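The residues making up each chain are set out below.
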Amino acid sequence: MTTSATTGAGPTENSMRRALKRARDGVALDVTEAAVLLQARGEALEDLAASAARVRDAGLEAAGRPGVITYSKSVFLPLTRLCRDKCHYCTFVTVPGKLRRAGHGMFMSPDEVLDVARRGAALGCKEALITLGDKPEERWPEAREWLDAHGYDDTIAYVRAISIRILEETGLLPHLNPGVMSWTDLRRLKPVAPSMGMMLETTARRLWSEPGGPHHRSPDKEPAVRLRVLEDAGRSSVPFTSGILIGIGETYEDRAESLFALRKVSRAYHGVQELIIQNFRAKPDTAMRRMPDAELDELVATVAVARHLMGPVGCVQAPPNLVDSEYERLIAAGIDDWGGVSPLTVDHVNPERPWPRIEELAARSAAAGFELRERLCVYPEFIRRGEPWLDVRLLPHIQALADPQTGLAREDAVVEGHPWQEPEEVFVNRGRTDLHLTIDTDGRTGDRRGDFDAVYGDWAALRLAAAPGMAPERIDTDVRGALARAANDPTRLRDDEALALLHADGPALDALTRIADDVRKEAVGDCVTYIVTRNINFTNVCYTGCRFCAFAQRRTDADAYTLSLEQVADRAQQAWDVGAIEVCMQGGIHPDLPGTAYFDIAKAVKERVPGMHVHAFSPMEVVNGATRTGMPVREWLTAAKEAGLDTMPGTAAEILDDDVRWILTKGKLPTETWVEVITTAHELGIRSSSTMMYGHVDQPRHWLSHLRALARIQQQTGGFTEFVTLPFIHTNAPVYLAGIARPGPSLRDNRAVTAMARLLLHPHIPNIQTSWVKLGTEGAVEMLRSGANDLGGTLMEETISRMAGSSYGSYKSVKDLIAVAEAAGRPAKPRTTVYGEVPEERQRVAAAWDGRLPELLPVLGQGRGGRQ
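Residues numbered from 1 in each chain as written. Predicted model: local features only at pLDDT ≥ 70, side-chain atom pairs only at ≥ 80, totals over all residues. Heavy atoms only, no water.

From N to C terminus, the protein chain includes 37 helices and 21 strands. Computed over its C-alpha atoms, the radius of gyration of the protein chain comes to 29 Å, within 12% of the 29 Å expected for a compact globule of 868 residues. Considered along the principal axes of its C-alpha atoms, the protein chain spans approximately 85 × 60 × 55 Å. Each of the 868 residues in the protein chain was classed as buried or not, and the buried ones make up 63%. When contacts within the protein chain are restricted to residue pairs at least 6 apart in sequence, long-range pairs at least 24 apart make up 78% of them. In the structure as shown, the protein chain presents an accessible area of about 31400 Å², 51% of it carried by carbon and sulfur atoms. Separation of charge centres in the protein chain, based on 102 positive and 117 negative side chains, amounts to 2 Å. (Helix = DSSP H or I, 4+ residues; strand = E, 2+ residues; numbered from the N terminus. Rg over C-alpha atoms; globule rule 2.2 N^0.38 Å. Buried < 20%, exposed > 50% of the residue type's maximum accessible area, 1.4 Å probe, protein only. Contact = heavy atoms within 4.5 Å. Areas by Shrake-Rupley, 256 points an atom, 1.4 Å probe, with all protein chains shown as cover. Lys, Arg positive; Asp, Glu negative; His and termini not counted. Charge placed at Lys NZ, Arg CZ, Asp CG, Glu CD.)

Listed below in structure tokens is the structure:
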């Protein structure tokens, strides 16, 4: 008898028969049918298991390992048993007093960890399973004191540090289970662990929210929080293990919905490497000690349904130590993996359930017709995929243990430590380093990168997610009243009025732009400003998966390139020689570039041209640098400033709404992290621009919330120098080529956004910049009449917009920019990055060389840096 899942009187015979037939026929199941099948027993369960096994066998055949069931030979390292959660079934977690009485520290010490890892390596183990409680320092002062005493900012910092030591000193590969992680935490840990994991357990919110529920008073067990971790792991290209825990009070419908939630994440990001189906086992001295164990039939049915839902490509695991040797039934139901099995350590989560001997597991698997083979903690599929799923610093460690043909563990592998280090010769110029010139003559090689169908996630799932944002909105607010308030005092505009104005068209739009232009004149006068600058995009190799970006390339794509430090400095020198006062430097998130590469780039420019203003590194690049070095963002920015960073571009903002961001980009930083980086930079005296890219899958309501967010930041920090409108260039953008995004903003959109930026950011951000490279001369003139006062820079080279399909070139001379201002009936003057006065000497040099820049800016070192 079990009360693990309840659903009234149970399914009818007809509903079970229909669901079984659909499963046999390979027809997609819905939640209701899955819930019915979870209740299959007797002959129905045998039928269900048989069809699930056929699905599994087809997947193994396609993967090139027919008849193989896998396991990972591991050691279990309970790094800390302290936790801020209070799950009612858990005996893993304890309290500081018990640890002290038992003679243990609050965390395992490095020596304790490495002793276990070395003994495991000597026995041929290849995985270090690091499991710990969630954020113990937030509940227990003793945990905080231990971390402080040992020099760690938080538990994640210790996990990262001990993982590096395990890699270097033992050769084991860390698989990390630190519980709920933020997007930034995942980025911090990705360079030190081939895989990570966290059980979803259940999506039944009441088991978390209601008193008496198994997860009540456990903040990290809220289903929405845990699903967000799974999504962030997928966005960050982290091979991730998850699963469900059955028998904790959920219904069959709950169980089915949990499996569907996991399938949805798996399909969207292709990052769930295995699904664990774990059966509840009651433990003494817990609140759920009288709860009956989940029965074997429950487990078998759940395994079979999971196999049907995940399909042949999914990997389904059931822990062998949680069943009483009924291995054959689990194999018959469709599992293809036994999980981690240790010849050395106990299962610290279920210490009363010993691991089976590997020899016994092999014999029992063979009796069921399967060969037991060892895998690594990261599954063969992800080893074959390589970038971006495997960090370059981990590759030597993985390659030392993996069979290059199968991706499984090498039988003859020697488990020994290897240096954890950055690749050598990072700044070697390679690829199409003349792209900044030839993009305007030869164009791009193709309209999309070679891994278009894989790097961005699942396009079908994305279309469904994007659909709500594409629906037009109805606005009932009186536009005339909103215009009157805007003219009287734009700072008093209500959100409904602002939204109405963002939808304005015709005479109302004309009136809006006139009001914005009047506010512009009052705020900054008539002069149109510009800056003599050069863009330097030091690499376009990137695997982040931004779906709007046509600039990013794989390292093997024809248009890919990386500049050497010498080339970066040469381009900065060239720019200075022809009158520039600023270089704007951004690049792709190249997997080979260490987190300190950004410091080297800034230093290279400053050493060559001490007077050049370095405007560089988007918040995404800052986070990349910080997480790859293991430094906190504040510390990393401080070091960047010392290396020569003066100000930052406020790019990578796109739209500060995560619902829109996760359609636009697979792996870029979330809104909260963007805000954290920008505000921290401002607090350190590093000012930045602010931006918004619009006209894709967004709506005016998103523009409004974005502009409001920027205004709030500016009121808090005062660090923004300007706001830059960035109309979406659709032509070669992947999200447009996939049929999801609109073909960029209309002229109406551009006028409305520019005008409302002027009004909603007044008086906090006085400078509104329009982009001639995206809008062309006529478009820029129109925006100057709609509230803008700045034209940006001469650029000298521009590849990002041009790769996306902009047709307005990569360079405008000072005379060109002055002509744009004059076409709008306004004077023009040069400015510095922070809108100060430009030294006379710089103005004279710029005037002397004006208009001849393309001839003066060849690619340096053609013999070393041309196409290869």
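That covers the picture; the talk isn't over yet.
Now for the confidence of the model for the protein chain. Scored by pLDDT, the protein chain comes out at a mean of 91, with 91% of its residues at no less than 70. Low pLDDT (under 50) marks residues 858-868, which in the prediction has 30 contacts with non-local residues, meaning those over four places away or in another chain. (pLDDT = per-residue confidence, 0-100.)

A few words on the state of the cysteines. Applying the stated rule across the entire model yields zero disulfides. Unpaired in terms of disulfides, C87 finds its nearest cysteine sulfur in C90, a separation of 6.1 Å. Of all cysteine sulfurs, the one in C549 lies closest to C546, which takes part in no disulfide; the gap is 6.1 Å. (Disulfide = S-S within 2.5 Å.)

If you check helix 11 (residues 252-269), its first and last C-alpha atoms are 26 Å apart, about what 18 residues at 1.5 Å a residue would give, namely 26 Å. Most of helix 11 sits out of view: 14 of its 18 residues are buried. (Expected span 1.5 Å × (residues − 1).)

Attention now goes to the packing of helix 20 (residues 479-488) against helix 21 (residues 495-502). Here helix 20 crosses helix 21 at 105°, and the two axes come no closer than 9 Å. If you check the angle between helix 20 and helix 21, you find them roughly perpendicular. Contacts between helix 20 and helix 21 pair V479, G481, A482, L483, R485 and A486 from the former with E497, A500 and L501 from the latter. Partitioned by chemical class, the residues of the contact of helix 20 with helix 21 number six nonpolar, one polar and two charged. (Axes fitted to C-alpha atoms, helices over the stretch in contact; angles between N-to-C directions. Parallel < 35°, antiparallel > 145°, perpendicular 65-115°, else oblique. Nonpolar A, V, L, I, M, F, W, Y, C, P; charged D, E, K, R; others polar.)

Take I246: it is sitting in strand 5 (residues 240-246). Between the C-alpha atoms of I246 and T202, which are 44 residues apart in sequence, the distance is 8.1 Å. Once residues within four sequence positions are removed from consideration, I246 is found in contact with R255, Q278, N279, F280, A294, E298, L299 and T302.

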